[in-house]
Amino acid sequence: IRFIMKKLITISMLIFFACINAQNKEIFEEKTIVSSFCWIKHNNDSNQYFFDGNILNYPIQIFINTTIGYLAENKCNNVLKIDEDKPFFGYINKQYVEFNNIENIETSVPSTLYCRKKGDFSYIVIHLEGISYSKNYTNNYIFIYLEKGIIKRKKIITVYSQFLSDKQIKHYMRNGLK
């Protein structure tokens, strides 16, 4: 009986530590959204792109006002919120976010979502890809830090005529947007 009790205690401890380790496990997901958004034409000069989806169970709705024309197959139907005066706004985990100071957003489209989750802490990155006929284009990366699902910090990183690598994106996520 003593031997069985020792085994049960050992197995219980292993399960306990496995559960603790599983809670602290880091999860990273990347999702290409360039073909998942829809568009609304406002007038001859402006369009709005809309994405409604999720990444690692965080619901995301993004609205981007741009001069880039028809790039999406889908025309938006039944979009509830349209604000032509705001360049970028949306809802991340059902919390409103807005950015008014994104460089060259009028020539950008949503491209990729990245998410890193570890315990109660998460980062969501929205890549806005610059579209240009020249070699000069602007890529914006919107970093959003969540703690227990609540948005705590936001930051925009702008890169000219190049892209951030997955390694660089993960670096910003691991180092608190530094």
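The structure this text deals with has already been given above.
For clarity, every value in this text was computed on a predicted model and none was experimentally measured. Along every chain, residues carry numbers that run from 1 in the direction the sequence is written. The predicted origin of the model limits local features to residues at a pLDDT of at least 70 and limits the giving and counting of side-chain atom pairs to 80 or more, whereas totals for whole chains, interfaces and linings rest on all residues. As a rule here, side-chain values come from all non-hydrogen atoms in the structure, and water together with hydrogens is ignored.

1. Here's the deal with the overall build of the protein chain
Working step 1: Where helices and strands are cited, they refer to DSSP runs of H or I of at least four residues and of E of at least two residues respectively, numbered from the N terminus. A count of helices and strands for the protein chain gives 2 helices and 11 strands.
Working step 2: In the protein chain, the order of α-helices and β-strands from amino to carboxyl end is α-β-β-β-β-β-β-β-β-β-β-β-α.
Working step 3: The 178 residues of the protein chain split such that 40% are buried.
Working step 4: Residues are treated as being in contact if the distance between any of their heavy atoms lies within 4.5 Å. In the protein chain, the share of contacts with a sequence separation of at least 24, taken over all contacts with a separation of at least 6, comes to 53%.
Working step 5: Only carbon and sulfur atoms are counted for the fraction: they give 52% of the accessible area of the protein chain, which is about 10800 Å². Only protein chains enter the calculation, and the probe is 1.4 Å; a residue is then buried if its accessible area is under 20% of its type maximum, exposed if over 50%, and partly exposed in between. Here the Shrake-Rupley method, with its probe set to 1.4 Å, supplies the accessible areas, and only the displayed protein chains count as covering residues.

2. Brief notes about the side chain of Thr138
Working step 1: Tracing the sequence through the fold places Thr138 in strand β10 (residues 138-147).
Working step 2: Excluding its chain neighbours within four sequence positions, the residues that come into contact with Thr138 are Glu103, Asn104, Ser108, Leu128, Glu129, Gly130, Thr158, Val159 and Tyr160.

3. Let's talk about the sheet that holds strand β8 (residues 108-118)
Working step 1: Only strands joined by at least two bridges in the DSSP assignment are considered to pair. Taken in spatial order, the 5 strands make up an open sheet running β1-β8-β9-β10-β11, and their pairing is antiparallel. The strands lining the two open edges of the sheet, one partner per strand, are β1 (26-32) and β11 (150-160). Pairwise comparison of adjacent strand axes, ignoring direction, gives a mean angle of 15° for this sheet.
Working step 2: Against the sheet, helix α2 (residues 166-174) engages β1, β8, β9 (121-130), β10 and β11, with an angle of about 55° to β8. Angles here are taken between N-to-C directions and fall from 0 to 180 degrees, while the axes themselves are lines fitted to C-alpha atoms, restricted in helices to the stretch in contact.

4. Remarks on a nonpolar patch on the surface
Working step 1: Grouping into patches uses exposed residues only, defined as over 30% relative accessible area, and leaves out salt-bridged ones; the cut-off is 9 Å for like charges and 5 Å for nonpolar side chains (Val, Leu, Ile, Met, Phe, Trp, Tyr). For this document, the term salt bridge refers to a Lys or Arg side-chain nitrogen within 4 Å of an Asp or Glu carboxyl oxygen. A cluster of nonpolar residues, Phe3, Ile4, Met5 and Leu8, forms a patch on the protein surface that exposes about 430 Å² of accessible area.
Working step 2: You can see Phe3 is positioned in helix α1 (residues 2-23).
Working step 3: Given the relative accessible area of 57%, Phe3 is considered exposed.

In short, the description is geometric, and any link to function would need to be established separately.
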